[in-house]
Amino acid sequence: MAGGTTLTGGWQFVNPPKYYEEAATGYASVITTATASGIFGKVSAISVETDPGTQEFRAVGSEDVYTQVIGRVGVRARITFALVDTSSVFVSYAIKANANAAGDISRPIHIVWSERTWENGSTFLTTYFALRGCKPNSLTIRGSAGNHLEGECEVIAHSLTYTTTASAFQSTFASEPTADIWNFEDGGANPVTWQSRAVDVTDFSFTVARDLKPVYVLGSSTVQFLFAGNRSITGDATVVYLSASTLADSLTATSGTMSWTMKSSAGTFTGTSTVITGHSLPQEISGETYERITFKTGTVAAL
């Protein structure tokens, strides 16, 4: 058992995760040229999952597996971050409609970060990680009274590499944001409206799902194309029960605009052709009454 080591943890990040837009369009490429490094926000967690897609082969004459070979390699990551004023640039990759333009779902991004490990109980070693050819498969932004606003994005990647030598892109990380993170009161008075009617809510969240379609081809175990499928925008909120208006809209599937100003003049969710798809109104002998609603949105503009 190794002794005298220092555990690796989030505090050992040298450079928190940043991203670059890759030059190729719609193709999970190995990065060659890129735009300037961008930020997600203040990252609080990153989790990377890999699956070699192992295929086992059995042959007659034995009850055991003869061999296991690599299959379709899958790489995914989940990034959690507090929003800041420049987060809307990254959020656009998940939200914007596919227009084959910079900053939308057609352009893969390259996610890089570095962290230190304590090697052999004697010295720190910096390891540089790179998720190549990434696209956001889903993005959720949530806020609740008394808390900061949080984003969580799941990406599908072409591949994961790591090395102790920084590449050109890993040696020029963008500066960490120093501005305040977005907080629940930053949207000002009446930040949520439904049908142009102010609604008092205690929490609000929305999710944009892009239904990515990984395509594998002969000759490579890594995904070669990531096509965006149908865009789906859903959300939920807890509403202080003051009238039956929201209940009436849910019963008639009334279509309208749902809006949430997350930060005045910096970020607003505006979902048009929105329908309330679920409504619950639990009431007890004591305590306040709240409505719990879920909704689906036809289309959404960039923040």
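Residues numbered from 1 in each chain as written. Predicted model: local features only at pLDDT ≥ 70, side-chain atom pairs only at ≥ 80, totals over all residues. Heavy atoms only, no water.

A. How the structure looks around the state of the cysteines. Per the counting criterion, the structure on display carries zero disulfides. Left unpaired, Cys134 is separated from the closest cysteine sulfur, that of Cys153, by 9.4 Å. Cys134 gets classed as buried once you look at its relative accessible area, which sits at 0%. (Disulfide = S-S within 2.5 Å. Buried < 20%, exposed > 50% of the residue type's maximum accessible area, 1.4 Å probe, protein only.)

B. Main features of the pairing of strand E19 (residues 290-297). Residues Glu291, Ile293, Phe295 and Thr297 line the buried face of E19, whereas the alternating positions Tyr290, Arg292, Thr294 and Lys296 sit on a face that is not buried. Summarising the sheet, strand E16 (residues 232-240) and E19 pair through eight bridges and their orientation is antiparallel. Paired with Gly235 across the bridge in E19 is Phe295. Where strand E18 (residues 267-280) lies against E19, five bridges are found, and the strand directions are antiparallel. By the bridge assignment for E19, Ser280 is matched with Arg292. (Helix = DSSP H or I, 4+ residues; strand = E, 2+ residues; numbered from the N terminus. Pairing = 2+ DSSP bridges.)

C. Focus on the pattern of salt bridges. Counted according to the given criterion, the structure contains 13 salt bridges. Residues Asp85 and Lys263 are paired through a salt bridge, measuring 2.9 Å at the closest nitrogen-oxygen approach. Separated by 178 residues along the polypeptide, Asp85 in the loop between strand E6 (74-82) and helix H1 (87-95) and Lys263 in strand E17 (residues 255-263) bring together distant segments of the chain. The partly exposed category is assigned to Asp85, whose relative accessible area is 37%. A salt bridge links Glu150 to Arg142, with the nearest nitrogen and oxygen atoms 2.8 Å apart. The class of Glu150 is partly exposed, set by a relative accessible area of 23%. Relative accessible area serves as the criterion here: at 30%, Arg142 is assigned to the partly exposed category. Connected via shared salt-bridge partners are Arg78, Arg142, Glu150 and Glu152. (Salt bridge = Lys/Arg side-chain N within 4 Å of Asp/Glu carboxyl O.)

D. Broad picture of a nonpolar patch on the surface. On the surface, a nonpolar cluster with roughly 240 Å² of combined accessible area is contributed by Val217, Phe225 and Phe227. Looking at the element boundaries, Phe227 is found in strand E15 (residues 225-227). (Patch = residues over 30% accessible without salt bridge, like charges linked within 9 Å, V, L, I, M, F, W, Y side chains within 5 Å. Areas by Shrake-Rupley, 256 points an atom, 1.4 Å probe, with all protein chains shown as cover.)

E. Here's a closer look at the side chain of Asp104. Residue placement: Asp104 occurs in the loop between H1 and strand E7 (109-119). Look at Asp104: it is buried, it has no salt bridge, and the nearest opposite charge is Arg107 at 5.3 Å. A distance of 2.9 Å separates a polar atom in the side chain of Asp104 from the backbone nitrogen of Ala99. Ignoring any residue separated from it by four or fewer positions in sequence, one finds Asp104 in contact with Ser92, Tyr93, Lys96, Ala97, Asn98 and Ala99. (Lys, Arg positive; Asp, Glu negative; His and termini not counted. Polar contact = N/O pair within 3.5 Å; in protein donor to acceptor, adjacent residues only side chain to side chain. Contact = heavy atoms within 4.5 Å.)

F. Spatial organisation of the pairing of E18. With seven bridges connecting them, E17 and E18 associate as antiparallel partners. Following the sheet pairing, Lys263 is matched in E18 by Gly267. In textbook terms, the turn of a hairpin is the stretch between consecutive antiparallel strands, and for E17 and E18 this stretch comprises three residues, one of which, Ser265, has a positive phi near 65 degrees.

G. Inspection of the packing of aromatic side chains at higher detail. For the structure shown, the criterion picks out 17 aromatic pairs. Through pairs of rings, three or more aromatic residues link up here, namely Tyr19, Phe40, Phe81, Phe90 and Tyr93. Positioned above the aromatic ring of Phe124, the side-chain terminus of Arg116 is 4.4 Å from the ring centre. (Phe/Tyr/Trp six-rings, centres within 6.5 Å; stacked < 30°, edge-to-face > 60°. Lys NZ or Arg CZ within 6 Å of the ring centre and 35° of its normal.)

H. How the structure looks around the environment of Ile46. By secondary structure assignment, the location of Ile46 is in strand E3 (residues 42-51). Counting along the chain gives 108 residues from Ile46 to Glu154, while the straight-line C-alpha distance between them is 9.8 Å. Discounting residues that sit within four places of it in the chain, Ile46 has contacts with Phe13, Pro17, Arg78, Ile79 and Trp113.

I. Focus on unusual backbone geometry. Located in the positive-phi region is Gln195, a residue other than glycine, with phi close to 60 degrees. Looking at where Gln195 falls in the secondary structure, it is placed in the loop between strand E11 (192-194) and strand E12 (197-198). With phi around 65 degrees, Ser265 is a residue other than glycine that occupies positive phi space. By the element assignment, Ser265 lies in the loop between E17 and E18. Among the residues examined, Ser265 registers a relative accessible area of 87% and is labelled exposed.

J. View of the confidence of the model for the protein. Confidence in the prediction of the protein, expressed as mean pLDDT, is 87, and 89% of residues score 70 or more. No element of the protein has a lower mean pLDDT than strand E2 (residues 38-39), at 83, and none a higher one than strand E13 (residues 201-209), at 97. (pLDDT = per-residue confidence, 0-100.)

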